[in-house]
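Examining the three-dimensional arrangement
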Amino acid sequence: MNRDFDLVVYGATGYSGRQAVAYLARRAAELDLRWAICGRDEAALNALADGPPARPEVLVADARDAAALARVAARTAAVASFIGPFGPLGDLLPGVCVEQGTHYADLCGEQDVIAARIARLHEPAQAAQVKLIPACGYESVPCDLAVLALDRAFEDADGSRVAQADTEVTFVFRRRSLRGGFGTSGGTFATVIRSATEVAHLTDPFGLTDGAPVAPDVRAANTADLSARRTPRGTWLAPTLPDPFLNAAMIQRTNILLKEGAQGGYAPGFVYREAMNVSATVGLRPVAPLAARRISALMRRIAAISAGRRDLGDRFALHALRFLSPGAGGGPSPETLDDVDYRLDVHARSTSGRHASATLHGRGNPGYRSSPNILAEAAIAMARDDDLPARYGVLTPASALGLAFVKRFPPAGLQLDVRA
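Residues numbered from 1 in each chain as written. Predicted model: local features only at pLDDT ≥ 70, side-chain atom pairs only at ≥ 80, totals over all residues. Heavy atoms only, no water.

1. Some points on the packing of aromatic side chains
Here is the rule we go by: Planes of paired rings set the category: under 30 degrees apart is stacked, over 60 is edge-to-face and the rest tilted, where pairs are Phe, Tyr or Trp rings (Trp by its six-membered ring) whose centres lie within 6.5 Å. Each residue is placed in one exposure class: buried if its accessible area under a 1.4 Å probe, protein chains only, is under 20% of its type's maximum, exposed if it is over 50%, and partly exposed if it falls in between.
Enumeration over the complete set of coordinates arrives at five aromatic pairs. For the pair Phe405 and Phe409, a centre-to-centre distance of 5.8 Å together with 90° between the ring planes defines the contact as edge-to-face. Pair check on accessibility: Phe405 and Phe409 agree, each one buried. Through pairs of rings, three or more aromatic residues link up here, namely Tyr138, Phe171 and Tyr342.

2. Section: the sheet that holds strand E1 (residues 5-10)
What counts is decided by this rule: If DSSP finds at least two bridges between two strands, the strands pair. By the criteria applied, helices consist of DSSP H or I runs no shorter than four residues and strands consist of E runs no shorter than two, each listed in order from the N terminus.
Spatial ordering of the open sheet is given by E3-E2-E1-E4-E5-E6-E13, a layout of seven strands whose pairing is parallel. Each end of this open sheet is capped by a strand with a single partner; those strands are strand E3 (57-60) and strand E13 (393-394). As defined by bridge partners, E1 adjoins strand E4 (residues 76-81) across five bridges and the pair is classed as parallel. Looking across to E4, one finds that Val9 is bridged to Ala80.

3. Things to note about the pattern of salt bridges
Selection rule: Every case where a carboxyl oxygen of Asp or Glu lies within 4 Å of a side-chain nitrogen of Lys or Arg is listed as a salt bridge.
Following the criterion strictly, the structure yields 25 salt bridges and no others. With a closest N to O distance of 2.8 Å, Arg75 and Asp4 form a salt bridge. On the criterion of sequence distance, the pair formed by Arg75 in the loop between helix H3 (66-73) and E4 and Asp4 in the segment before E1 is long-range, its members being 71 residues apart. Overall, Arg75 belongs to the partly exposed group, its relative accessible area being 28%. Between Asp204 and Arg219 there is a salt bridge, and its shortest N-O distance comes to 2.8 Å. Highlighted residues: Asp204 in the loop between helix H7 (186-198) and helix H8 (216-222) and Arg219 in helix H8, separated in sequence by 15 residues. Salt bridges sharing partners connect three or more residues here, namely Arg27, Glu30, Glu377, Asp385, Asp387, Lys407 and Arg408.

4. Side note on the nonpolar core
Note the cut-off: Buried Ala, Val, Leu, Ile, Met, Phe, Trp, Tyr and Cys residues that are joined via side-chain atoms within 4.5 Å together make up what is termed a nonpolar core. By definition, residues are in contact when any of their heavy atoms lie within 4.5 Å.
With 79 residues, the main nonpolar core has Val9, Leu24, Trp35, Ile37 and Leu401 as its most contacted residues. Per-element tally for this core: the top contributor is helix H6 (residues 141-158), with nine residues. In this view, Ile37 contacts Val9, Ala12, Val21, Leu45, Leu48, Ala49, Pro56, Glu57, Val58 and Leu59; residues no more than four positions away in its chain are not counted. Core analysis: the second largest hydrophobic core is formed by 35 residues, Leu93, Val113, Leu132 and Leu208 among them.

5. Quick look at the environment of Leu403
Along the chain, Leu403 falls in the loop between helix H14 (397-401) and helix H15 (409-412). It is 9.1 Å that separates the C-alpha atoms of Leu403 and Ala146, two residues lying 257 residues apart in sequence. Contact partners of Leu403, with chain neighbours within four places excluded, come to Leu145, Leu148, Ala149 and Arg152.

6. What to know about H6
How we decide: The span you would expect from a helix comes to 1.5 Å times its residue count less one.
Taking 1.5 Å of rise per residue, the 18 residues of H6 would be expected to cover 26 Å, and the 26 Å separating its terminal C-alpha atoms lies within 8% of that figure. Counting buried positions over the 18 residues of H6 gives 14, a clear majority of the element. Downstream of H6 by one or two residues, Gly159 has phi in the positive range, about 80°.

7. A closer look at the sheet that holds strand E10 (residues 271-277)
In plain terms, the rule: Angles here are taken between N-to-C directions and fall from 0 to 180 degrees, while the axes themselves are lines fitted to C-alpha atoms, restricted in helices to the stretch in contact.
Reading across from one edge, E8-E9-E10-E7-E11-E12-E14 is the order of the seven strands in this open sheet, with mixed pairing throughout. Either end of the sheet is taken by a strand with one partner, and the two such strands are strand E8 (229-230) and strand E14 (414-419). Of the pairings in the sheet, the one linking strand E11 (residues 340-350) to strand E12 (residues 355-362) comprises eight bridges and is antiparallel in character. Bridged to Leu344 within E12 is Leu360. Along the sheet face, H6 touches strand E7 (162-173), E10, E11, E12 and E14 and points at about 35° away from the line of E11.

8. Structural notes on the packing of helix H1 (residues 15-31) against helix H13 (residues 366-384)
The test is simple: In this scheme, roughly parallel covers angles under 35 degrees and roughly antiparallel covers those over 145, while 65 to 115 is roughly perpendicular and the rest are oblique. By definition, turning the near helix anticlockwise from the far helix through less than a right angle yields a left-handed crossing, and turning it clockwise yields a right-handed one. Gly counts as polar in this scheme, as do all residues outside two lists: the nonpolar Ala, Val, Leu, Ile, Met, Phe, Trp, Tyr, Cys and Pro, and the charged Asp, Glu, Lys and Arg.
Axis separation between H1 and H13 bottoms out at 8 Å; the angle between their running directions is 50°. Here H13 runs oblique to H1, going by the angle between their axes. As for the relative orientation of H1 and H13, their crossing is right-handed in sense. The segment H1 lies against H13, with Tyr15, Ser16, Gln19, Ala20, Tyr23, Leu24, Arg27 and Leu31 engaging Gly367, Tyr368, Arg369, Pro372, Asn373, Ala376, Glu377, Ile380 and Arg384. Across the contact of H1 with H13, the residue classes break down as nine nonpolar, four polar and four charged.

9. Looking at the packing of H3 against helix H4 (residues 93-100)
With their axes 9 Å apart at the nearest point, H3 and H4 run at an angle of 50° to one another. Relative to H4, the element H3 is oriented oblique. Of the two elements, H3 crosses H4, and the hand of that crossing is right-handed. Counted together, Ala66, Leu69, Ala70 and Ala73 of H3 and Leu93, Val96, Cys97 and Gln100 of H4 form the full contact between these two elements.

10. With respect to the pairing of E4
Across the six residues of E4, six count as buried, placing the element largely inside the fold. When E4 meets strand E5 (residues 103-106), the two strands line up parallel, connected through four bridges. By the bridge assignment for E5, Ala80 is matched with Ala105.

11. Brief notes about the side chain of Arg27
Applicable threshold: Any pair of nitrogen or oxygen atoms within 3.5 Å is treated as a polar contact; in protein, a donor-acceptor pairing is required on top of that, and neighbouring residues in sequence qualify only through side-chain atoms on both sides.
The residue Arg27 is located in helix H1 in this model. A relative accessible area of 9% places Arg27 in the buried class. Looking at Arg27, its side chain comes within polar contact range of the side chain of Glu30, at 2.8 Å. Leave out the neighbours within four places in its chain, and Arg27 touches Asp32, Leu33, Glu377, Arg408 and Pro411.

Read these as spatial facts, not as claims about activity.
Here is the structure:
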């Protein structure tokens, strides 16, 4: 593909976009990347571009200006978009990228937006041989790729496929502990509020599978467990923060997409479940039961709100969240972004009864250090790597990037270990 740039960072002056620019400034020198940053505020973009030693080119395009976006997309092999919430702000650009034959990835976790993209853009993107990848950060790359790696390990071992995968997420706080190391950006606040109030199928783990028929027992087995519960080993589990619903829906879509290829998908009736290990995260055993129950109560209310059950307290809470939001471009203090790491422990069973596990370590704040790094590497891969799966459309990280993407984990601060 003969383009002026390998990749363009769109929404570069937002909170997560700025972290991606800082990361790419280092990677650009290592890889001789041709890159640019883009947004609507030229002065802010120029101020941002003047920081890195390998200065990116500055492009200006408003998110609602299709002609300007087309001019940008036509000049690059891939776009990494950090604008959000994607429902009201960022959903014109993917369609423009399809028209221009440009690969695209973002951090969109809004299931209604992803479902609408599938309906509107999946077939045109397939025809144009374009990859469109939502949720291409902490959600859903680590879980999605870990399950794929376990499935391939089973297949290599005895020809079986993954039948069930259970993930435990642990956040590891360092130095400042919980003091400011896990804040939230304005974009995340807005996305959580929008998802709770506008995504009717938020809790459906099969909401992104194009209406494929699902047996009632399989649907029940995959439905997120929003309870606080104690395991036989004494640890407390709770729904995963910030979104216990997205990974399951994305991984079930991966299964559907893989079934269309020669290698096939996961086992019929495949089950994916995840939870947060609250005991290991808070590090204080007496606090864990209370923390788990509070998280459970919060996620149950979000699920109820998304189902249309909203009382006066919910309306007050939503108004309070909007008031407390840091606003566009705001977020955690940058010096705290390296004060929290995360670990995913994925335990899987195959169709032959074989057991295997995978551990993924992620360095830095999952939403605001790890996610920008992962998305930046995905854009590099789409622009540069010839060994990605020949699969196009509105995809998932695993179906679009495959295990070839694991080689790009180390620069982004990820390490995946599979024990089969």
